[in-house]
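Survey of secondary and tertiary structure
The residues making up each chain are set out below.
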Amino acid sequence: MNKKIFAANWKLNKTPDQAAAFAQDFLAKTSEKFFETKEAFIFPQNFSLDKLSQNLKKSPVRFGPQQIHIEVKGAFTGENSLAIAQSIGSTICLIGHSERRQIFSELNSSINKKVLLSQSLDTLPVLCIGESLEQRQKNETLKVCFEQLEAALSAVNLSKRIVVAYEPVWAIGTGQVASLDQVKEVHAELFQKMTSMNFKNFQLIYGGSVKADNAKDLIALDHVDGFLIGGASLEVTSFLDICNFDS
Ligand code: PEP
């Protein structure tokens, strides 16, 4: 059985020292047993990646950038090189978060290039997809998710592991978590879709206002293999309260 995934998206939070303190506290409060059934991922702000790496390198916690450029080197001022992130220990990267799509106009075509790049560097992509409120109200949720999946995963290696995060945009940072029925329906459809696309090694995680009090019910649903967590991942206690849904 797959390990459950708990992925922290810190956005523009945490200085290097705060990231280091989180890492030390998190490791002090988790044991080998924790990592037998669970995976922890952290996506810190870029300036804190190196310090986080120094504190997590010898641990099972995986970390990586929240956003990468489609090329690893060249004249792309202000962009992030996945190869350089990898050189300081990153083994994962977040791709296509809705904030990137909406605020920075990231397109499915460049998201696809990023997934391909991450695969070529043997970095695990965590690909975000999800509908806006307007799209849900128009009954377009599955259409939008499938379109995003198909475009982002065009020509990728079907055997390499990939994590897909279903994040309804209206549930991110709003406190308005999707209902169990909504998550159940979309994850079941995404599972079918990924299977029909011949993916052999994938996990589906949910994101959008996950907290300790809703985590247990959400993770009990079929095809919910973990969470992508924003606000509640900023404190070790609230992050662990979610990770320890089973205790
Ligand atoms: C996110 O940033 O991807 C997210 C799900 O945030 P939150 O948990 O705060 O809704």
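Residues numbered from 1 in each chain as written. Predicted model: local features only at pLDDT ≥ 70, side-chain atom pairs only at ≥ 80, totals over all residues. Heavy atoms only, no water.

This part takes up the layout of surface pockets. Empty space within the largest pocket amounts to approximately 450 Å³. Residue lining of the largest pocket: 16 residues in total, with Leu12, Gln66, Gln67, Arg100 and Phe104 positioned closest to the centre. Examining the composition of the lining of the largest pocket, we find that three residues originate from one element, helix 5 (residues 98-103), more than from any other. In the lining of the largest pocket, the residues fall into four nonpolar, eight polar and four charged. As a volume, the second largest pocket reaches approximately 160 Å³. Gly173, Ser209, Ile229, Gly230 and Gly231 are the residues nearest the centre of the second largest pocket, which is lined by 17 residues in total. Per-class residue counts for the lining of the second largest pocket are five nonpolar, nine polar and three charged. (1 Å grid on protein atoms, 1.4 Å probe; cavity = no way out; pocket = protein on both sides within 12 Å on 5 of 7 lines; lining within 4 Å. Points joined across faces, edges and corners; volume = space filled by probe spheres on them. Helix = DSSP H or I, 4+ residues; strand = E, 2+ residues; numbered from the N terminus. Nonpolar A, V, L, I, M, F, W, Y, C, P; charged D, E, K, R; others polar.)

Here we come to the site of the ligand. In the vicinity of the ligand there are 14 residues, among which Lys11, Glu167, Gly173, Ser209 and Gly230 approach most closely. Asparagine 9 places a polar side-chain atom, nitrogen or oxygen, 3.2 Å from an oxygen atom of the ligand. Between the ligand and glycine 173 there is a distance of 2.6 Å, counted from an oxygen atom to a backbone nitrogen or oxygen. One can see that the ligand is located within the second largest pocket. Residues of the shell around the ligand, tallied by class, amount to four nonpolar, eight polar and two charged. (Near = heavy atom within 4 Å. Polar contact = N/O pair within 3.5 Å; in protein donor to acceptor, adjacent residues only side chain to side chain. Sits in = over half its atoms within 2 Å of the grid points.)

Here eight strands make up an open sheet; going across it, the order is 3-2-1-8-7-6-5-4 and the pairing parallel. The strands lining the two open edges of the sheet, one partner per strand, are strand 3 (62-63) and strand 4 (92-95). In this sheet, strand 5 (residues 124-129) lies alongside strand 4 in parallel orientation, the contact comprising four bridges. Note that in strand 5 the partner of cysteine 93 across the bridge is proline 125. (Pairing = 2+ DSSP bridges.)

The next point concerns the state of the cysteines. The final tally for this structure, using the stated rule, is zero disulfides. Distance from the sulfur of cysteine 128, which forms no disulfide, to the nearest cysteine sulfur (cysteine 93) is 10 Å. Given the relative accessible area of 1%, cysteine 128 is considered buried. Of all cysteine sulfurs, the one in cysteine 128 lies closest to cysteine 145, which takes part in no disulfide; the gap is 12 Å. (Disulfide = S-S within 2.5 Å. Buried < 20%, exposed > 50% of the residue type's maximum accessible area, 1.4 Å probe, protein only.)

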